[in-house]
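Structural description and commentary
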Amino acid sequence: DGVNKLYEEDLELQKQSQTVDSFPKILSEHSLVAKHVTKEKWDKLSGHKTATAGFTLAKAIACAVEFDNQHCGIYAGDWDSYKDFAEVFDPIIQEYHGISADAKHTSDMDFSKITGNVNPEAPVHSTRIRVGRSIDGFGLSPGITKEQRVGVEDLMKKAFGKFEGELAGEYFPLTGMDEAVRQQLVDDHFLFMSGDRNLQVAGMERDWPEGRGIFHNKEKTFLVWVNEEDQLRIISMEKKGDVLGVFKRLASGIEAVRNTVKEESGKDFMLDEKYGYVHSCPTNLGTGMRASVHIDLPGWTAHGVDKLKARCEELALQPRGTRGESGGQTGHTYDISNKHRLGYSEVQLVQTMIDGVNKLYDEDVELQKKHGL
């Protein structure tokens, strides 16, 4: 009798606890997810699945629930995620990017509007500009289905086959990759790997490595990653500091990808009038662009890295240490990039980077004198 009684009571308790437990414990308690995913919003939205990828709010916030170190903590599984879960995404995006609720995003890739270039005297080792792009009608990496992922790859294989001139090159699928090819891509620092815990928990490494690969042109100055964190990561890079030249190549490369995809499928890139180019991570919305140089700043290093960080903040730049770039690893080489993604056009961000790097270099020369270098 007692066991039966306990069992009946247990069933009741299970029902009660399901309604209570369904709101997840968010381990990243200082994240934007913890701030903006309230119980009220959760109860309203958690039962919904998106049309394109069947994505849910639980999948979107998995990283903030699983880890305690997230700043943002949310990903979108398709374009629908941003619309269907707007009550969560909108305030997070507005807070992260510092934009107003009625902001509109403007894209501008017209490289003829850029004035000047990085000073040729500046000790720049290399320049790299990347953007993300997503093709409409397919899910984004965290939610994309197996069929959709292969569909993106098939479309891109056809597109790559039509590239001409300096963009012409070869596509290397990760599936069945020859060891010599793999090693060469590792040596070139082109290969992306599996094993990133964030990407795994966010759902981006499902069915690894199927449907993924890397394209590069003959000169290895133009690359496209297929189906990594975004459907497409389009990258232009070269040695030294010709930022304008790198941006020009990027612009023509993006245009080539877009035109060939349109010819093959009638599909275009996902471009939201409010949030710009759609990416899986809301921190990349807008231009999705990171324009960076690796530059030696010994004067600033002597002056103090914290002071350099503060100065970069004033110039709307972001400094990082460099890792793994052979040659010029001197302890004073920095990766300097644009800080903003959304609310500014590509041209504005590249201009800000060029002007800011020139300013840092001029100041570095003075600081070297000051510190007797």
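See the structure above.
One structure accompanies this document, and this report is about it. Computed from a predicted structure; not experimentally measured. (Residues numbered from 1 in each chain as written. Predicted model: local features only at pLDDT ≥ 70, side-chain atom pairs only at ≥ 80, totals over all residues. Heavy atoms only, no water.)

On to the nonpolar core, then. One finds Met156 and Ile336 to be the most contacted residues of the largest nonpolar core, which totals 56 residues. Not counting residues up to four positions away in its chain, the partners in contact with Ile336 are Ala291, Ser292, Val293, Ile295, Leu297, Cys312, Leu317, Gln318, Pro319, Met353, Val357 and Leu360. Within the second largest apolar cluster, 29 residues are counted, among which are Ala60, Tyr82, Ile92 and Ala103. (Core = buried A, V, L, I, M, F, W, Y, C linked by side-chain atoms within 4.5 Å. Buried < 20%, exposed > 50% of the residue type's maximum accessible area, 1.4 Å probe, protein only. Contact = heavy atoms within 4.5 Å.)

For a regular strand, side-chain orientation follows a simple rule: the groups alternate between the two sheet faces. Counted residue by residue, strand E10 (residues 333-338) has six buried out of six residues, so it is predominantly covered. Relative to E10, strand E8 (residues 290-296) is paired through five bridges, and the arrangement is antiparallel. Residue pairing across strands places Ser292 opposite Ser337, the latter belonging to E10. The pairing of strand E9 (residues 317-321) with E10 spans five bridges and is classified as antiparallel. (Helix = DSSP H or I, 4+ residues; strand = E, 2+ residues; numbered from the N terminus. Pairing = 2+ DSSP bridges.)

Turning our attention to the packing of aromatic side chains. Under the criterion given, the structure shown has eleven aromatic pairs. Centroid distance Phe163 to Phe222: 6.3 Å. Interplanar angle 55°. Geometry classified as tilted. Residue Phe163 is located in the loop between helix H8 (146-160) and strand E2 (169-173), and its partner Phe222 is located in strand E4 (residues 222-226); the two are separated by 59 residues in the primary sequence. Exposure class is identical for Phe163 and Phe222. Each is buried. An aromatic cluster of at least three residues, connected via ring pairs, comprises Phe160, Phe163, Tyr171, Phe215 and Phe222. Between the NZ or CZ atom of Arg133 and the centre of the ring of Phe269, over which it lies, the distance is 5.9 Å. Over the face of the ring belonging to Tyr277 we find Arg133, whose NZ or CZ atom lies 3.5 Å from the ring centre. (Phe/Tyr/Trp six-rings, centres within 6.5 Å; stacked < 30°, edge-to-face > 60°. Lys NZ or Arg CZ within 6 Å of the ring centre and 35° of its normal.)

Side chains that carry opposite charge are capable of pairing whenever their charged atoms lie near each other. Under the criterion given, the structure shown has 24 salt bridges. The partner of Asp43 in a salt bridge is Lys39, with the nearest N and O atoms 2.7 Å apart. Of this pair, Asp43 and Lys39 both sit in helix H3 (residues 39-45), four residues apart, roughly one helical turn. With a shortest N-O distance of 2.7 Å, Lys220 and Asp188 are connected by a salt bridge. (Salt bridge = Lys/Arg side-chain N within 4 Å of Asp/Glu carboxyl O.)

Turning our attention to helix H11 (residues 243-265). With 23 residues, H11 extends 33 Å from end C-alpha to end C-alpha; this agrees with the ideal 33 Å at 1.5 Å per step. With its phi angle positive at about 75°, Gly266 sits one or two positions after the end of H11. (Expected span 1.5 Å × (residues − 1).)

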